[in-house]
Amino acid sequence: MLVVRSSHKPSATKRTILALIVGIILFVGSNFIDEYRIFQGAQVAAYLVGIVSIVLLTGYSGQITLGQGAFMAVGSYSAALAVQEFGLPIWITFFIAVLAAALFGAIIGISAGRLSGPYLAGATLAFAVGIPALANAIPILGGEQGLSFDIGYAPGKYADTVSPYKWLFWICALCAIIAVVIAVNITSSGLGRQWRAVRAHETAAALCGINPARSKVMAFTVSSGFAGLAGVSFSATVGLVSPSGFTLALSFLLLTGAILGGISHISGALGGAIIVVIIPTVFESWTEEASLGVATYLPGIIVSALLLLSIALAPEGPSEALHKLRRKH
Amino acid sequence: AQGAATPGVTKDTITLGMSSAQSGAASPGYNKVGPAMRAYFNYINEKGGVYGRKIELKLEDDKYVPTNAVNKVNKLILRDKVFALVGNLGTATHTAALKKTPIIKQSVPDLFVNTGYSGFANPKKYPTTFMYLPSYIMEAKIMAKYIKDKFPDKKVGILYQDDDFGKDGLAGFKAGGLTFVAGGTQKYASLSQATVGLTAQMTALKSSGAEVIILFGVTSATAVAMRTAAGLGYGTTWGPQFIMGSVGADPTTLLTLAGATTPALQAATLRSLTGALSLSFLPAATDTEDEYVKKFIEINTTYNKGVPWDNNVLVGMNQALLIVQALRAAGENPTRASLISALKSKGGTFASAGYSKLESANNVGYTGYWVGRYNSTGVIAPVDGGKPVVYTTDSSTANGDVAVSTFTRPAMPADGVPTNK
Amino acid sequence: MTLRVRGLTIDHGAIRAISNATFNVPRGSITAIIGANGAGKSTLLRTISGLKRATTGSILWDEISLEHLQTEQIVRRGIIHVPEGRSVVTELTVHENLMLGGVWRLRAQKEDVAAAIEEVYQLFPRLNERKKQRADTLSGGERQMLAIGRGLIARPQLLLLDEPSLGLAPLVVEQIFHTLSELQGKTGMTILLVEQNAMSALRIASQGIVLDQGRVVIADNARAIMNDTALRHAYLGY
Amino acid sequence: MSTLLSVAQVNVTFGGLRALKDVYVDLHENEVVGLIGPNGAGKTTLLNAMSGLVKPNSGTFALYGKNEDWPRPHELVDHGISRTLQGVGLFPDLTVLENVMIGAHKFARAGLGRALLGRTAKDERVLRERALLALERVYAGGLADRRADTLAYPETKRVAIARALISEPKILLLDEPAGGLGKEDIDWLGLLIKNLRRECSIILVEHHMDVVMAVCERLHVLDFGEVIASGSAEKVRQDPAVIAAYLGTAASEL
Amino acid sequence: MNLINTLIAGVSIGAIYSLIAFALILVWRSTRVVNFAQAGQAAFSTYVGLSFEKAFNNFWLALLAAIIAGVLVGAFVEVVIVRFIVKRATSAATVTVAPVIAMLGLLGIFQGVMGLIWGGEYQAYPTAFSRDGLTINGSQIPFSQNDLFVLLTVVAAMSVAALIFQKTSLGLAMRAAAFAPEVTRLSGIRVSRIRTLGWAFAGGAGGLAGVLVAPTTFIAPNSFDLLLVFGFTAAVIGGLDSLIGGVLGGLALGIGLSVVTGYLGGSYTFMTAFVLLIVVLLIRPQGILGARGARRA
Ligand SMILES: Nc1ncnc2c1ncn2[C@@H]1O[C@H](COP(=O)(O)OP(=O)(O)OP(=O)(O)O)[C@@H](O)[C@H]1O
Ligand SMILES: Nc1ncnc2c1ncn2[C@@H]1O[C@H](COP(=O)(O)OP(=O)(O)OP(=O)(O)O)[C@@H](O)[C@H]1O
Ligand SMILES: [Mg+2]
Ligand SMILES: [Mg+2]
């Protein structure tokens, strides 16, 4: 007898309902939390989208990226330009950011699609350093000061009652929820499966009718689109799009978040985002009263050591490690 | 407001906040400013504080990254509920903070921002923000005036940092009526001087025939430029007059960079520095005769243990001295509003080490510079010997009025403890 | 020098690959280990060469127990393992792969290594033709030849061969088995041969060990196993 | 009897090495053609040329009676050609079911847009059903949820065949399917190939002569990149050149 | 004239990228890890050198100290950290990324420790030879005795390393251990020791590179970070597996950047590196001298 097992993953509809519930919880919950936490929540949401974009590209499609910050920059600058030059409403610029970054990703992906491993890492690294430096040189992009990107206040009569942080948080959280739902849609569809197949064995995938080059460029494009969204969310929290916002350190931080959360699952991204936002703050506050040198360098050392430790102990991320542990017992 | 307590002020404390680069690539030098301020506050606290209240400084590290700055300033205002922000560092970082934190909305006093970007001195846009440094435009105008006066027929070249800092400078030079020799306008990107060097630029400057060369960049770039120049024959076959902006001429840093602490390099270092001109608005940290410098060194030794005295410590202590006076002027029961209005009305009269007037009335910082020359021991002293001649101007790019300042610096309060009202 | 295996049990996590195996491989013999896919043959060889640790039991070679030695140390005692799956270093050339097999032998033996490489080239002329080519451009069978060749360079005293005939042309298989038995006769080395191709293996072996789901079910004279039809049906599928 | 696939005058060189010289092979409907020859003779290279993994220097490629350009690997499936790899070539970190579903790629209708919106449920159901059927066919239905890298060797071979069959090929290229298998599995494989003949034609590269002789009508023998013999299995087996180059004494045992 | 000067300046800075590329390639070839912590490791060794320099005022002694420090640090890093990470991160998703992240973490630790020990200030490092531009036909060119020394050292170090890799048993063992640890162990080679040795070598090379580079860039906990980006770019352009490729890649990058910086301005420097890299890789995805990819089936 042939039984068609239902997949263990919830269907798209279930996912959407789940997302709605999460959204409502966040919406209601945001009224009971202090402003600073809400602001940090918005940051976490922005990082979350960035990490998701890395998980898609590196975790699923197997293309390593050290320069996701550059794609975020492309998205953010496009959005800010759209406001500045054409006076477009802010909400449209979120789409523009996604499209612009995706387009850019497609172009870069066409060349990067031929590279692998450290060669790709090298190219993305150079890109990550190059883009902010370039932005600095192009006058229309506002130099070091960058461009303003202000999502403003809640509309109409809510402008006075809803604090700007809540407004910011809602927008960033909405972006993050949409991003996660779409990302999960992709990874649980044939598309995600194809990416993983190409990652695992390019030749075998080709013989199954998948065009590996196309598949890789597609992953690059989609991931860049997410990065673009991360970029605007991120810029919304700063109110500004500037070269110093998209340093190599940002790209590395996101990658770190992706690894710590678990690079092979979208589910880890939230954990990763929380870690990269919260952990440094915690250690900084510990060492605040220490002497100058110690206060300057100790937090960095602790965070780095923690990072090393977690990679050595759970390279797949905490969820996978727990899973393995459970299987053992 | 009536009834509601002023944030950051309790019966016996006043809490201030500061966000600056304590670590990361931009931090060296600047990361001494905050601790120096704290050291001075501790000194004051020991002397009874401000009307009995002890001053606490919360120091946050933003690594010179705008996102971090927003996060940290938000933390200071929303979480730590500081009374005022003091000495925040950086243009892009602070622009972001002004946008995405409640500085303006909650009227948080935002004192003595540590940047020369003139745009912050804009009471309409940023009613609570006060500058500290003279603007880059002022500096360039003063430099232009000095060069036109002292080197009237010489060909002038410039190396500037290719960003807003350098561009502000260029605008100032233009306003000052300075023209550059063909091929004598060279720029570098802020990250590239360490990785690609400045050979291309310095070679071009040399072949342009410039006799006076302005170095309008950060200190590390100045050092690379000087060193590259040495390789091109500076001091032997090539003898241009170098003149450096204040940002790129922090003497301690410059000396270290050039190798003053490395025996093999000392002689060459001093040779290449000797004779170079530089602009400053505070006394030289090496000027131990200066009453302010003297007192600050004293305080540094006891309250900032282990931190060597240098220009950055001077900057921090001087800021702290101004802040204490502002807090006193705000009254026995200070509010954010009273602090701002006190600063506006009385800031110009505060005692400080600065040789020019503090234009707090218009949210502007110091307004003048003096020109100094490095001698053969690596110490900077006024060009013509004796007291420094201070030039003053404003930040407008429209008129180039630069005048010798008539401002006389107030004397140091007794024992370095302000008693103003 | 006999290989003595006593009460050997080996686990892959929850999977017991070998349970309580006890047998001897007499010096100078060819012993064939046969059994179905998954019987534990490879695991056994990997444990002897120290790539895998046993759960319990002991392995003695030359009265020295091997189970706590590192692979390198085991190799230096003359025990050479040619693992299954055409294991070569794909990024090195054919010649370099062969040289690798002799790297650990000291300088004094350099010439002997050269001679051994020559012998391998004679055994597999194909490899000689492909000398300078990177191993990842070889055909499947050529790779297998190279893997076996690398093992022979070290002039083993105990040679562990895991499915050497895999993917080789019938003529070559014949030739390899022939060479093995010849080499054995000439040098007196001991060979432990794992094979799917049970009949060919037993034909050159003096002893056969049949593994079934990790247990030694038979350890007997090779000829006896071949002639026992019932046994062949039960475990070898003929 | 019509010709499904024929290649002729195929030449492949790697650097200075001529791996294939004027090689030809043709394949008729519902037949199994064996491709044998010594190691390094060029068998895999020929399959690679036919499947676009190697670019021939010259040669013609005709499919269903029409001359075509040499295909690119991912176009094979659309031409109705499936191939297994000499190694096993599964995707190790995918489940068995997923592995086989990848093979059914060409039946998927949903594009990027639907994937983004999560509207792929129908597609997924169709692919899953097909994949399970394909797995059942090679008696591997029970393995569906296992990760491919946890399978035993014979199981991987079965899954690889299922993955090749799921796209309903007209032409199947098998590269050493019996390598490393035990007697029982080999017997089963021979049977499967025989059965498959009813729905497709097969080119079989194999060193296990008993399988080859049991299932192949015709044989092509390659040596040093050249066809040294071709014709009915019976005839080729007794060809002295083939015996000398390839079979050895095994010829007499068949 | 200006163009020639620009090109010459490019060679002298290119030599430095080559050096960094050299250290990266050494580690890559012997362990298949791209060592992003190299920047920190090299800076650390250079600080040790600087301490010696200050204490004894002897360049060569300091150089020796830096190299030895580099060797020790390299070995330490391999034994204490890399080994575990390489062993644990084996799944398809993590095998390439985890070591990269680990190296970034290591970089963070290095920088912090250096800051604690030596402070954050940029410091100058002396040169062995004069930095004054050589005079040719009466005109001074932007290429000094010291630049010549650096260039020759790079070429010499590369040649020695290439010789070791290509011609000695040790080199063979290193290459084999990098790609196929198991077969290598089965060939009687102590793979773990060989890997440690590879890291030690590369660490020493990093120390050498640091001391030669430091005079041009200053030394600070993070002063080599961007140089590493360029060194990595150079290595990738040259083909990560080829030491000679690393030299060529470094020189090509140096000259390219010098020309662009000289004629267009420093803002385009980083973008140029990216464009150059992409152009080279589009033509040869394996880099100028990299080996061709393996056969696919
Ligand atoms: N790395 C591993 N992890 C988990 N289980 C393993 C591992 N290697 C082998 N096994 C299991 O151990 C058992 C014995 O495997 P082994 O490879 O030794 O068999 P074999 O007789 O060599 O088979 P074959 O003829 O297919 O090579 C099998 O059930 C196999 O699934
Ligand atoms: N990319 C390549 N570069 C150089 N030589 C190659 C390349 N690919 C294959 N060859 C050579 O071409 C010849 C044919 O190889 P092929 O893989 O087709 O052999 P085969 O007949 O399949 O052998 P086997 O039965 O051992 O699998 C071999 O000698 C091989 O070394
Ligand atoms: Mg086996
Ligand atoms: Mg083959």
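Bear in mind that the values here come from a model prediction, so they are computed numbers and not experimental data.

### A look at the overall build of chain E
Inference 1: Counting its secondary structure elements, chain E contains 11 helices and two strands.
Inference 2: The C-alpha radius of gyration of chain E comes to 19 Å, within 12% of the 19 Å expected for a compact globule of 297 residues.
Inference 3: Principal-axis analysis of the C-alpha atoms gives chain E an extent of 65 × 50 × 35 Å.
Inference 4: When each of the 297 residues of chain E is scored for burial, the buried share is 65%.
Inference 5: By sequence separation, contacts in chain E at least 24 residues apart represent 75% of the contacts at least 6 residues apart.

### Describing empty space enclosed by the protein
Inference 1: Taken as a whole, this structure holds seven cavities of 30 Å³ or more when the rule is applied.
Inference 2: Space inside the largest cavity adds up to approximately 470 Å³.
Inference 3: For the largest cavity, the lining is made up of 34 residues, of which Thr199(B), Ser12(E), Arg131(E), Asp147(E) and Thr216(E) are closest to its centre.
Inference 4: Of the residues contributing to the lining of the largest cavity, the split by class is 15 nonpolar, 16 polar and three charged.
Inference 5: By volume, the second largest cavity amounts to about 130 Å³.

### Quick look at the sheet that holds strand β4 (residues 58-63) of chain D
All names here are of chain D.
Inference 1: Pairing is antiparallel across the open sheet formed by four strands, whose spatial order is β2-β1-β4-β5. Sheet topology places β2 (17-28) and β5 (66-68) at the edges, where each strand pairs with a single neighbour. The sheet shows a mean angle of 25 degrees between the axes of neighbouring strands, taken without regard to direction.
Inference 2: Sheet topology note: the strand β1 (residues 3-14)/β2 ladder contains eight bridges and is antiparallel. Among the inter-strand pairings, valine 7 is bridged to a residue of β2, identified as valine 25.

### Points about the sheet that holds strand β2 (residues 15-25) of chain C
All names here are of chain C.
Inference 1: As summarised here, the arrangement of the four strands in space is β2-β1-β4-β5, forming an open sheet in which the pairing is antiparallel. This sheet does not close on itself; its edge strands, each paired only once, are β2 and β5 (64-65).
Inference 2: With two bridges joining them, strand β4 (residues 56-61) and β5 adopt antiparallel strand pairing. In the strand pairing of β5, leucine 60 is matched with serine 65.
Inference 3: Seen against the sheet, helix α1 (residues 41-48) touches β1 (3-12), β2 and β4 and runs at an angle of roughly 115 degrees to β1.

### Concerning the coordination of the magnesium ion (ligand 3)
Inference 1: Ser42(C) (OG) and Glu84(C) (OE) make up the full set of protein donors to the magnesium ion (ligand 3), lying at 1.8 to 2.5 Å. You can see Ser42(C) sitting in helix α1 and its partner Glu84(C) sitting in the loop between β6 (79-82) and α3 (94-102), a full 42 residues away along the chain.

### Describing helix α2 (residues 66-79) of chain B
Inference 1: Here α2(B) is 14 residues long and its end C-alpha atoms lie 19 Å apart, about the 20 Å a rise of 1.5 Å per residue gives.
Inference 2: Count one or two residues on from α2(B) and you reach Lys81(B), which has phi positive near 50 degrees.

### Some words on the pattern of salt bridges
Working definition: two side chains of opposite charge can pair if their charged atoms are close together.
Inference 1: Taken as a whole and assessed by the stated rule, the structure comprises 43 salt bridges over all chains.
Inference 2: The partner of Arg86(C) in a salt bridge is Glu176(D), and the shortest N-O contact between them spans 3.7 Å. In this pair, Arg86(C) is assigned in the loop between β6 and α3 and Glu176(D) in the loop between β7 (171-175) and α6 (183-196), connecting two distinct chains.
Inference 3: With a shortest N-O distance of 2.7 Å, Asp136(C) and Arg134(C) are connected by a salt bridge.
Inference 4: Judged by relative accessible area, Asp136(C) falls into the buried class, the value being 4%.
Inference 5: Relative accessible area serves as the criterion here: at 24%, Arg134(C) is assigned to the partly exposed category.
Inference 6: The structure contains a network of salt bridges with shared partners spanning Lys47(B), Lys295(B), Glu298(B) and Asp415(B).

### Thoughts on the UniProt feature "transmembrane region" (unreviewed entry) in chain E
Residue and element names in this part refer to chain E.
Inference 1: Within this numbering scheme, the UniProt entry marks residues 7-28, 59-85, 97-118, 148-165, 197-220, 226-253 and 260-283 as carrying the feature "transmembrane region" (unreviewed entry).
Inference 2: Counted over residues 148-165, helix gives 100% and strand 0%. Its end C-alpha atoms are 26 Å apart.
Inference 3: End-to-end, the C-alpha atoms of residues 197-220 are 27 Å apart, and along that stretch the chain is 88% helix and 0% strand.

### A short note on the site of ligand 2
Inference 1: Around ligand 2, the structure places 24 residues, and the nearest of them are Ser139(C), Gly141(C), Glu142(C), Thr44(D) and Thr45(D).
Inference 2: Lying at an intersection of chains, ligand 2 is approached by residues of chains C, D and E.
Inference 3: Between ligand 2 and Gly140(C), the relevant distance is 3.5 Å, taken from an oxygen atom to a main-chain nitrogen or oxygen of the residue.
Inference 4: Class assignment of the residues belonging to the shell around ligand 2 gives a composition of six nonpolar, 12 polar and six charged.

### Observations regarding the interface of chain E and chain D
Inference 1: In this assembly, four residues from chain E lie in contact with eight residues from chain D.
Inference 2: Between chain E and chain D lies a buried interface of about 410 Å² when both sides are counted; carbon and sulfur atoms form 53% of it.
Inference 3: Three residues, Arg295(E), Arg296(E) and Ala297(E), lead the burial of chain E against chain D; their summed loss comes to 85% of the area buried on that side.
Inference 4: In this structure, the connection of chain E to chain D is made through zero salt bridges.
Inference 5: Counting across the chain E and chain D interface gives zero residue pairs in polar contact (both at pLDDT 80 or more).
Inference 6: A class-by-class count of the residues in the side of chain E that touches chain D yields two nonpolar, no polar and two charged.

Scoring rules and cut-offs
- Residues numbered from 1 in each chain as written.
- Chains lettered and ligands numbered in written order.
- Predicted model: local features only at pLDDT ≥ 70, side-chain atom pairs only at ≥ 80, totals over all residues.
- Heavy atoms only, no water.
- Helix = DSSP H or I, 4+ residues; strand = E, 2+ residues; numbered from the N terminus.
- Rg over C-alpha atoms; globule rule 2.2 N^0.38 Å.
- Buried < 20%, exposed > 50% of the residue type's maximum accessible area, 1.4 Å probe, protein only.
- Contact = heavy atoms within 4.5 Å.
- 1 Å grid on protein atoms, 1.4 Å probe; cavity = no way out; pocket = protein on both sides within 12 Å on 5 of 7 lines; lining within 4 Å.
- Points joined across faces, edges and corners; volume = space filled by probe spheres on them.
- Nonpolar A, V, L, I, M, F, W, Y, C, P; charged D, E, K, R; others polar.
- Pairing = 2+ DSSP bridges.
- Axes fitted to C-alpha atoms, helices over the stretch in contact; angles between N-to-C directions.
- Donors = N, O, S within 2.8 Å, 3.2 Å for Na, K, Ca; no water.
- Expected span 1.5 Å × (residues − 1).
- Salt bridge = Lys/Arg side-chain N within 4 Å of Asp/Glu carboxyl O.
- UniProt positions renumbered as here; feature names shortened; annotations may be inferred.
- Near = heavy atom within 4 Å.
- Polar contact = N/O pair within 3.5 Å; in protein donor to acceptor, adjacent residues only side chain to side chain.
- Buried area = accessible area lost by both parts, 1.4 Å probe.

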